[in-house]
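Results of the structural survey
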Amino acid sequence: MSNAVYPGSFDPVTKGHLDIIRRAAKMFDRLTVSVLNNSDKSPLFSADERVNMLRVICRDIPNVEIDSFSGLTADYAKQTGTDVIIRGLRAVTDFEYELQMAQTNRKILPSLDTVFLTTSLEYAYLSSSIVREVASYGGDISEFVTPEVAEAVYKKLEDCQLVNSKRKY
Ligand code: ADP
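Let us look at the structure shown here. Just so you know, the residues in each chain are numbered from 1, in the order the chain's sequence is written. Reporting of local features is limited, given that this is a predicted model, to residues whose pLDDT is at least 70; pairs of side-chain atoms are given and counted only at 80 or more, and all residues count toward the totals for whole chains, interfaces and linings. Side-chain descriptors were evaluated using all non-hydrogen atoms of the structure, hydrogens and water having been removed beforehand.

1. Comments concerning the overall build of the protein chain
For clarity, the cut-off: Numbering of helices and strands runs from the N terminus; a helix is a DSSP stretch of H or I covering at least four residues, while a strand is a stretch of E covering at least two. Here the globule rule reads 2.2 Å times residues to the power 0.38, and the radius of gyration is calculated from C-alpha atoms. Only protein chains enter the accessibility calculation, which uses a 1.4 Å probe; a residue whose area is less than 20% of its type maximum is buried, one above 50% is exposed, and one in between is partly exposed. When checking whether two residues touch, look at their non-hydrogen atoms; a contact exists if any pair is within 4.5 Å. All accessible areas in this document rest on Shrake-Rupley with a 1.4 Å probe, and a residue is counted as covered only by the protein chains that are shown.
Within the protein chain, the regular secondary structure consists of 6 helices and 5 strands. Relative to the compact-globule value of 15 Å for 169 residues, the protein chain shows a C-alpha radius of gyration of 16 Å, a close match. Reported as C-alpha extents along the three principal axes, the dimensions of the protein chain are approximately 50 × 30 × 30 Å. Here the protein chain, with 169 residues, has 46% of them falling under the buried criterion. Of the contacts formed within the protein chain by residues at least 6 apart in sequence, a portion of 76% connects residues at least 24 apart. Of the roughly 9400 Å² that the protein chain leaves accessible, carbon and sulfur atoms contribute 51%.

This is the structure:
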């Protein structure tokens, strides 16, 4: 059995993430998408909410499971018996940080490899922070996230009274 972990903030999960999930799921017997719940970031969605959104949008991919963790990715990989981490690369700007993380993880756990999947061009510009920002100004995020996630984002922003102007979509 080949296992891989795709860790990330997924705050919220975008179509760019989903594209990476679908492609990685074809490469491994089992893929665990795991929400990193680190206290130094202040996310829009709680870890449980992000896990639930991922469960909904990945429900049709049989070999994908959703989990969450806090602390070091290398420790999490060790605990779960995983040797491969999946990360997505959008642009050169991602590269330096991702290379540093991959090398650090290998230093901590030498058996751990990071596999990078390059983004599909249509999602190269897309990030969770862009989604949050566009939605907070009432903009249309239907190109960026699935309908279930879009609903959850608008609702959360309304609940937090973070909408700067009235929702237009
Ligand atoms: P993190 O805070 O760990 O970077 P993110 O949720 O922002 O978490 O991203 C998780 C992973 O998904 C990262 O490897 C990131 O480069 C990748 N990723 C994010 N957006 C996209 C996208 N549009 N296309 C491909 N990969 C992406």
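Next, the rest of the story.
2. Comments concerning the nonpolar core
Selection criterion: In this description, a nonpolar core means a group of buried Ala, Val, Leu, Ile, Met, Phe, Trp, Tyr and Cys residues linked to one another through side-chain atoms lying within 4.5 Å.
In this structure, Ile21, Leu31, Val33, Val64, Ile86 and Ile141 are the most contacted members of the largest nonpolar core, which totals 39 residues. Of all the secondary-structure elements, those providing two or more residues to this core are strand E1 (3-8), helix H1 (15-27), strand E2 (30-36), helix H2 (47-57), strand E3 (64-69), strand E4 (84-89), helix H5 (128-136) and helix H6 (147-159). Ignoring any residue separated from it by four or fewer positions in sequence, one finds Val64 in contact with Ile21, Ala25, Leu31, Val33 and Cys58. Grouped together as the second largest cluster of nonpolar side chains are 5 residues, Ala77, Ile85, Leu109 and Leu112 included.

3. Notes on unusual backbone geometry
Cis geometry marks the peptide bond from Asp11 to Pro12, where omega comes out at 5°. Note that Pro12 resides in the loop between E1 and H1.

4. Side note on helix H4 (residues 92-108)
Put simply, the rule reads: To estimate how far a helix should extend, the number of its residues minus one is multiplied by 1.5 Å.
Compared with the 24 Å implied by 1.5 Å per residue over 17 residues, the 25 Å span of H4 between its first and last C-alpha is a close match. Considered for burial, the residues of H4 that qualify are Asp94, Glu98, Ala102 and Asn105. On the buried face of H4, the contacting elements are helix H3 (73-80), E4 and strand E5 (113-118).

Fair warning: the whole summary comes from geometry, so function is off the table for now.
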